[in-house]
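Tertiary structure, described
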There are 2 protein chains.
Amino acid sequence: MKSEISALERFYAVIPAGGVGSRLWPLSRASAPKFLHDLTGSGQTLLQDTWDRLQPISAGRTMVVTGNVHAHAVEQQLPELDDANIILEPSPRDSTAAIALAAAVLMRREPEVIIGSFAADHVILDTDQFLATVKEAVSVAASGKIVTIGLRPTEPSVGFGYIQKGDPLDYPNACEVLKFVEKPNIKLARQYVESGDYFWNAGMFIAPAKLLLEVLQRTEPELHAAIDKIAQAWDTPSREAVLKANWPKLKRIAIDYSIAEPAAEQGLVAVVPAEFEWHDVGDFASIAELQSQGRKGNLAVLGSARVLSDSSSGILISDTDRLVALIGLEDVIVVDTPDALLITTKEHAQKVKSLVDVLKQSGHSELL
Amino acid sequence: MKSEISALERFYAVIPAGGVGSRLWPLSRASAPKFLHDLTGSGQTLLQDTWDRLQPISAGRTMVVTGNVHAHAVEQQLPELDDANIILEPSPRDSTAAIALAAAVLMRREPEVIIGSFAADHVILDTDQFLATVKEAVSVAASGKIVTIGLRPTEPSVGFGYIQKGDPLDYPNACEVLKFVEKPNIKLARQYVESGDYFWNAGMFIAPAKLLLEVLQRTEPELHAAIDKIAQAWDTPSREAVLKANWPKLKRIAIDYSIAEPAAEQGLVAVVPAEFEWHDVGDFASIAELQSQGRKGNLAVLGSARVLSDSSSGILISDTDRLVALIGLEDVIVVDTPDALLITTKEHAQKVKSLVDVLKQSGHSELL
């Protein structure tokens, strides 16, 4: 086992910044997705928060993978991001393509690199605990494992995949992973949570780039070959040509299926339990929850709106300077943007996605 | 008793168009009050509806009394309104000043004129019945009475003053008026409604201008003298000077106190019961009620908004071209204007007024 210091020196953070976040429409749009917004009231966007959180262990060693269309916004929000550390995807090709290309590019630069992938749109409030968890994960990864960070379930959610832990490893908190399981039904979810053997899978993976790519080579040889071809050309003048020729054909597959699950079957995956508070702010109800932090009956306000509220609770997110007056509304969700207004309640927050589907079908693409 | 025909030939309609309608903020503003909006979905504003309703009996004989600031809007909305038939008030001085000045100006032109005063912001759905009622009122007025139109109470409302009827007169429906009573408490309101002897007072008065002014001369001689002075100058080059000198000093008093109640005590007032449906659309709940017309669980939409609604009921009034998406809201009231957004429920519609008071106090005069 290599020492923690030398393992940490090999560490490179990768931030996949993608995903529109349909359930956050009309705030989150194709042109301005979730991670480009301040959804916590921190004064920074989720992407900036993610970047800052990683800096203590990845200063100068953080790569962002995002869509071509977001290049300008990402560069503006992250002035410290070096050109060499941004991968611009010509089009979305799911998480395997994004993370494997980052791994392959970095491995060509540093064969022993250990990458850690952290989505740009998660909310983590305790940075110290987060970093402690990641450091342990990096140590475990250095021993030749793909390490995931497991979230302790706070409820039998059917919105997450789960990670079943096995025997403890020779680290403070790490365990083997027996398997990854898909989003369960509520009955299974309850069993998982009661057993104490399951974590939520938030898709945070820390592993030697080499190991990730070896697994991918076995499970998806064609995809691996294409990624490898692009990575080989990446730091050369032929990058654009090779990217253009190969990217559109890449198989769309989530890293859970292409790497995590098959690797777990081979006993290659470990889990470090997260000792930090984590939120995916997947819908407006969870943003409201995060803002209220237990304070019942309050109205949380994000954005620059002037607000007049008479006995209303819930959340107002405003992207305009209009005055918003609310009277007698309970658990309301109001999202006020220049061209679209959403009003619903916490209870119905999940239905925003189907509304966006209706918008797509009815040809309101200018609002998506 | 003069014949109905000759009485009708003496008739002149007066439309006092004033009153901001605080409970309809942010749609109704000081600069664009209630009567300048389409609140029924008729495709016309309340003022235009009022004008059209009266035309069969007052074509070319309709006078509008409104604030100086609304001159342009009123002229735009009523292209048939002759300059000689508009009275522009330098500032609001309550209903006596408005109606008495119209009466005095018209009486100088036609000494035998019978005026009928009909607020610009009422909703009356059955024009034929309305006209039949007004015609009877005009006949009664020609016999030397101040005639009010009494609304049959549909509930024991505490929001209206009441009219107590006396003996029937020698007309199909008209009765004497014993007295006008102020807005009652709920117990009194129930007694009034159960007795069958009371009508709601909606402030519709039909009377010979001469009689109205004689009563005013007795009850408010100073006010009468000032009004008379203005009326004398009205159709002369000195109108502006005399108006400027006298208007600001006019006593603010409602016509109910200055004319209707004292006249009733003298046995000068009659009532004709209204056989038509009447709404005062005083708040958004009553607009929603009017729009839904018994259809429960529907969302009514007024204005040009593009709307996406998933199982929501209530009313959306839009003054913008934004997309408005509503999910799972019951009896909601949404009023979307370029600089202010109101969201509440039917239950809380009355509270809009106090919110406007808060706006006044907090110096948001640009939004009032």
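Heads up: these notes are all about the structure in this document. (Residues numbered from 1 in each chain as written. Chains lettered and ligands numbered in written order. Predicted model: local features only at pLDDT ≥ 70, side-chain atom pairs only at ≥ 80, totals over all residues. Heavy atoms only, no water.)

Each helix and strand in chain A was counted, giving 12 helices and 17 strands. Expected size for 368 residues packed as a compact globule is a radius of gyration near 21 Å; at 21 Å, chain A falls within 12% of this value. Considering only C-alpha atoms, chain A reaches an extent of 60 × 50 × 35 Å along its principal axes. Within chain A, the proportion of its 368 residues that are buried is 57%. The long-range share in chain A, meaning contacts at least 24 apart out of those at least 6 apart in sequence, stands at 67%. Summed over its atoms, the accessible surface of chain A is roughly 15,400 Å², and 49% of this surface lies on carbon and sulfur atoms. (Helix = DSSP H or I, 4+ residues; strand = E, 2+ residues; numbered from the N terminus. Rg over C-alpha atoms; globule rule 2.2 N^0.38 Å. Buried < 20%, exposed > 50% of the residue type's maximum accessible area, 1.4 Å probe, protein only. Contact = heavy atoms within 4.5 Å. Areas by Shrake-Rupley, 256 points an atom, 1.4 Å probe, with all protein chains shown as cover.)

So, about the packing of aromatic side chains. As enumerated under the stated definition, the model contains 14 aromatic pairs over all chains in all. Plain terms: the ring middles of Phe118(B) and Phe130(B) are 5.5 Å apart, the flat faces sit at 75° to each other, and that makes the pair edge-to-face. Here Phe130(B) lies in helix 5 (residues 127-142) and Phe118(B) lies in the loop between strand 4 (114-117) and strand 5 (123-124), a separation of 12 residues in the sequence. The structure contains a cluster of three or more aromatic residues connected by ring pairs, namely Phe118(A), Phe130(A) and Phe276(A). (Phe/Tyr/Trp six-rings, centres within 6.5 Å; stacked < 30°, edge-to-face > 60°.)

Between chain A and chain B, which share one sequence, the superposing operator has a rotation angle of 179° and an axial displacement of 0.2 Å; the RMSD is 0.1 Å. Look at the turn and shift together and you get a two-fold axis relating the two. In this assembly, 100% of the residues forming the interface of chain A have copies in chain B that are likewise at the interface, indicating an isologous arrangement. (Least-squares fit on C-alpha atoms with pLDDT ≥ 70 in both.)

Take the packing of helix 7 (residues 209-219) of chain A against helix 10 (residues 255-265) of chain A next. Residue and element names in this part refer to chain A. At a minimum axis separation of 9 Å, helix 7 and helix 10 run at an interaxial angle of 95°. Comparing the axis directions of helix 7 and helix 10 gives the class roughly perpendicular. Here helix 7 contributes Leu212, Val215, Leu216 and Thr219 to the contact with helix 10, which in turn contributes Ser258, Ile259, Pro262 and Ala263. In terms of residue class, the contact of helix 7 with helix 10 is built from six nonpolar, two polar and no charged. (Axes fitted to C-alpha atoms, helices over the stretch in contact; angles between N-to-C directions. Parallel < 35°, antiparallel > 145°, perpendicular 65-115°, else oblique. Nonpolar A, V, L, I, M, F, W, Y, C, P; charged D, E, K, R; others polar.)

Further remarks concern helix 8 (residues 221-234) of chain B. Residue and element names in this part refer to chain B. A rise of 1.5 Å per residue sets the reference length of helix 8, with its 14 residues, at 20 Å; its end C-alpha atoms lie 20 Å apart and thus fit the reference within 8%. The set of residues buried in helix 8 consists of Leu223, His224, Ala226, Ile227, Ile230, Ala231, Ala233 and Trp234. Where helix 8 is buried, its residues contact strand 3 (86-89), helix 4 (94-109), helix 7 (209-219) and helix 9 (239-246). (Expected span 1.5 Å × (residues − 1).)

Further remarks concern the interface of chain A and chain B. Facing the 32 residues of chain A at the interface are 32 residues of chain B. Carbon and sulfur atoms make up 66% of the area that chain A and chain B hide from each other, which totals about 2,600 Å². It is Arg322(A), Ile327(A) and Ile343(A) that lose the most area in chain A upon contact with chain B, and together they represent 26% of the buried surface on that side. Between the two partners, chain A and chain B, sit four salt bridges. Here Glu366(B) ties to Arg306(A) by a salt bridge, and the two come within 3.2 Å at their closest N and O atoms. Counting every contact that joins chain A to chain B gives 18 residue pairs in polar contact (both at pLDDT 80 or more). Looking at the side of chain A that touches chain B, the elements with two or more residues in it are strand 13 (306-310), strand 15 (323-327), strand 16 (332-336), strand 17 (340-345) and helix 12 (352-361) of chain A. The element contributing the most residues to the side of chain A that touches chain B is strand 17 of chain A, with six residues. Class assignment for the residues of the side of chain A that touches chain B results in 19 nonpolar, six polar and seven charged. (Buried area = accessible area lost by both parts, 1.4 Å probe. Salt bridge = Lys/Arg side-chain N within 4 Å of Asp/Glu carboxyl O. Polar contact = N/O pair within 3.5 Å; in protein donor to acceptor, adjacent residues only side chain to side chain.)

Turning our attention to the pattern of salt bridges. According to the stated counting rule, one finds 24 salt bridges over all chains in the structure shown. A single network of salt bridges, built from pairs that share partners, joins Arg322(A), Asp336(A), Arg322(B) and Asp336(B).

Now for the sheet that holds strand 15 (residues 323-327) of chain B. Overall, mixed pairing links the six strands, which are arranged 12(A)-14(A)-16(A)-17(A)-15(B)-13(B) in an open sheet. With one partner strand each, in any of the chains shown, strand 12 (299-303) of chain A together with strand 13 (306-310) of chain B form the two edges of the open sheet. The sheet shows a mean angle of 10° between the axes of neighbouring strands, taken without regard to direction. Pairing between strand 12 of chain A and strand 14 (residues 314-318) of chain A: five bridges, direction parallel. Across the sheet, residue Leu302(A) finds its bridge partner in strand 14 of chain A, namely Ile317(A). Contacting strand 12, strand 14, strand 16 and strand 17 of chain A, helix 11 (residues 284-292) of chain A runs over the sheet at an angle of about 105° to strand 14 of chain A. (Pairing = 2+ DSSP bridges.)

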